[in-house]
Amino acid sequence: MHQSQHILEEICELNRQFPRDMLCRICEKRQCVPFRQLQKLIGGNSRNFSSKKPPPESEWKEPKEGFKTGINVWNTLAKKKVRLILKNKNQLSWYMCGPTVYDSAHIGHASSYIRFDIIRRVLENYFDIEVDQVMGITDIDDKIIYKANRTKTPFVEVAKKYEMEFLQDMEKLNILPATRLTRVSDHIQPILEYIQKIIDNGLAYTADNGSVYFDVIKYGRYGKLWTHSMETEVRATGDQFKKHPRDFALWKGVKPGEPYWESPWGDGRPGWHIECSTMASGVFGSNFDFHSGGNDLMFPHHENELAQSQAHYNCHQWVNYWLHSGHLHLSGDAIKMSKSRQNVLTISDFLDHFTANQFRMFCLLTPYRHYIEYSDVIMKKSAAIYEHFTNCINMCDAYVKGQILCEPINEAELQNCINETRQGILEALADDFLTENVISSMQNLTKILYKSFAKDTTCSVVRSPATVSTAGVLLQSTLNKLGFNLRLKGTSSNMDGVKLDSVIENLVDLRDTVRQFALHPPDNIFTDVAEEDTKEEEKRRKKLMSPLLNKCDKVRDNLKSVNISIGDLKKTSLWKVDK
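Residues numbered from 1 in each chain as written. Predicted model: local features only at pLDDT ≥ 70, side-chain atom pairs only at ≥ 80, totals over all residues. Heavy atoms only, no water.

Draft legend 1. Representation of helix H11 (residues 356–364) in the model. For H11, the tally of buried residues reaches nine of nine residues, placing the bulk of the element in the interior. Those residues of H11 that sit buried are Ala356, Asn357, Gln358, Phe359, Arg360, Met361, Phe362, Cys363 and Leu364. (Buried < 20%, exposed > 50% of the residue type's maximum accessible area, 1.4 Å probe, protein only. Helix = DSSP H or I, 4+ residues; strand = E, 2+ residues; numbered from the N terminus.)

Draft legend 2. How the structure looks around empty space enclosed by the protein. Within the structure shown, the criterion is met by two cavities of 30 Å³ or more. Estimates place the volume of the second largest cavity at around 60 Å³. Every residue lining the second largest cavity is listed: Arg115, Ile118, Ile119, Cys363, Leu364, Thr366, Tyr368, Phe433 and Thr435. If you list the elements that add at least two residues to the lining of the second largest cavity, you get helix H3 (107–126) and H11. Counting residues per element, the lining of the second largest cavity draws most heavily on H3, which supplies three residues. The residue inventory of the lining of the second largest cavity, partitioned by class, reads six nonpolar, two polar and one charged. (1 Å grid on protein atoms, 1.4 Å probe; cavity = no way out; pocket = protein on both sides within 12 Å on 5 of 7 lines; lining within 4 Å. Points joined across faces, edges and corners; volume = space filled by probe spheres on them. Nonpolar A, V, L, I, M, F, W, Y, C, P; charged D, E, K, R; others polar.)

Draft legend 3. Structural context of the pairing of strand S11 (residues 319–325). In terms of residue burial, S11 counts as a mostly covered element, since seven of its seven residues are buried. The sheet contact formed by strand S10 (residues 288–294) and S11 spans six bridges and is parallel. Within S11, the residue paired with histidine 291 across the bridge is tryptophan 322. Tracing the backbone out of S10, into helix H9 (residues 298–313) and back to the parallel element S11 gives a crossover that is right-handed. (Pairing = 2+ DSSP bridges. Right-handed = clockwise from strand over helix to strand, strands pointing away.)

Draft legend 4. Main features of the sheet that holds strand S4 (residues 130–138). Strand order in this open sheet of five strands is S5-S4-S3-S10-S11, and the pairing throughout is parallel. A single partner strand is all that each edge strand has here, and the edge strands are strand S5 (180–183) and S11. Averaged over all adjacent pairs, the angle separating strand axes in this sheet is 25°, with direction ignored. Together, strand S3 (91–100), S4, S10 and S11 form the strand contacts of H3, whose direction differs from that of S3 by roughly 165°. (Axes fitted to C-alpha atoms, helices over the stretch in contact; angles between N-to-C directions. Contact = heavy atoms within 4.5 Å.)

Draft legend 5. Examining the side chain of serine 263 more closely. Examined against the element boundaries, serine 263 turns out to sit in the loop between strand S8 (248–253) and strand S9 (268–270). Looking at serine 263, the relative accessible area reads 15%, which means it is buried. At 2.5 Å, the side chain of serine 263 forms a polar contact with the backbone oxygen of glycine 266. Excluding its chain neighbours within four sequence positions, the residues that come into contact with serine 263 are Leu192 and Trp251. (Polar contact = N/O pair within 3.5 Å; in protein donor to acceptor, adjacent residues only side chain to side chain.)

Draft legend 6. The arrangement of the environment of leucine 86 in detail. Of note, leucine 86 is situated in strand S2 (residues 80–86). Using a relative accessible area of 0% as the deciding quantity, one classes leucine 86 as buried. Sequence spacing of leucine 86 and glutamate 65 is 21 residues, and the spatial spacing of their C-alpha atoms is 8.4 Å.

Draft legend 7. Geometry of the packing of helix H13 (residues 411–430) against helix H14 (residues 435–453). It is the contact of H13 with H14, at a shortest axis distance of 8 Å, that shows an interaxial angle of 170°. In terms of their interaxial angle, H13 and H14 are classed as roughly antiparallel. For the pair H13 and H14, the contacting residues are Glu413, Leu414, Cys417, Ile418, Thr421, Gly424, Ile425, Ala428 and Leu429 in the first and Thr435, Asn437, Val438, Ser441, Met442, Asn444, Leu445, Ile448 and Leu449 in the second. Of the residues contributing to the contact of H13 with H14, the split by class is eleven nonpolar, six polar and one charged. (Parallel < 35°, antiparallel > 145°, perpendicular 65-115°, else oblique.)

Draft legend 8. The sheet that holds S9, seen in detail. If you trace the four strands from one edge of the open sheet to the other, you get S6-S7-S8-S9, paired in antiparallel fashion. Edge positions in the sheet fall to strand S6 (204–206) and S9, since each of these pairs with one other strand and no more. Neighbour-to-neighbour, the strand axes of this sheet turn through a mean angle of 20°, independent of strand direction. Bridging between strand S7 (residues 212–214) and S8 involves three bridges; their strand directions are antiparallel. Residue valine 212 lies in a different strand from S8, and its bridge partner there is tryptophan 251.

Scope: geometric values only; no functional claims are made or implied.
Next up, the structure:
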């Protein structure tokens, strides 16, 4: 087996970074499209693929002491699903790589943050785990400096502008704010001290250009997260100050036109990787539970973070669990969405066409570790699934209020389905947060409910409001716990909302009364009713009532423009607020 083939298969199986149809076996000439795509991504040519050095062992150790959560998670460091054991009971420490704030965030970023937001909510809402989540903001970086120089704007202003925009975007997407935000610009002195400790430990060296480099060869344990030979990743950087091509900068010597800070090794600025190590360690110290980011951060960023942090503390395991989310790519495009490829859709532009709830449903339908394909068609399907759930919740509410009359519901069957759904949700979430299985379980429940509600009757029958209410509450609470911002009627928590609900309820009730009258007018309102109804007579009556029906449609359309949806059933109408 070619080493390159081994690499592609590992990427497909472990990282889910590329679509399956992009991957194939590598031919002897190494000229197929997947090979050239991978070669372009990682640099170098086919001769760089070497099997001389086998991939190093991950050396991950399950925490010997701690709190067993009953959850299994895929740990990138262990390269398998493992038991989640926390350092402290019902407490989880989590560092998340935040944005490099040099431009507007796009839906590729959003998909990653929503997926981790879902995991956080699952931990908090289903497993009673208090999450202390720190997000690191990179506000000193090559890209920020380039943007500042190009626009003739101080780099601090560029960073502040896009950080504020990013936080606003996260709020619009109903993503929980991190417990605390850390910024590189606030950690210059801790970074200097962090680097000095690595130098003191003999695992970093200073160079004539005022830079400080991490010594990968001396460290000896490089390559824990990345699964194939590091020779694959060596690029020609043109940096003659490095001892070895794999060494990376902890401190970058000053260059013309760049901001700089004083240091014992000369003026300069932090390297990218040391920033996150310092900020995470500043809060959590030498060991914590979770470290997360997109698959693209696995190498070199997280690999370098891991190496330099363990070199700093001289420890075996800086982070217990590494979580990585799959990339988002446009349909038909095998490579992830990124600004450098100019194939992005900004969050603000996206929200002009779809809602945050619809995008959250889109993210729930694929395992968080897998790549996710985006298109308008796929988004519309996700929106329809979300609509399917919210409509069912409204219909449960209408049934309980007596607004829906149907044949007797098989109460034992419905209760059994409720129990199975509840159990299926918990089992799926405990198995590496399999949200797509959660959605499937919920769909099984709605299938029974919709089937029951469809059996209309005008007779007085035995009803099952308690069981139907339980089903509706389960559906609604599940969506709430997963982060959907539901605004269903009767759910307002403040007086203004209650008043608005009352106004809408009365308006919808008036509209429904007019609509039912127009659809089924009593015969006695017609002064010249024919003795026998004919098709012509029916057409005449419909024409006479059409202005009322048109007005009802106009009211519905006008409310839709302000995100209030009315759903017309045979004998009643329901409403909800779209988010």
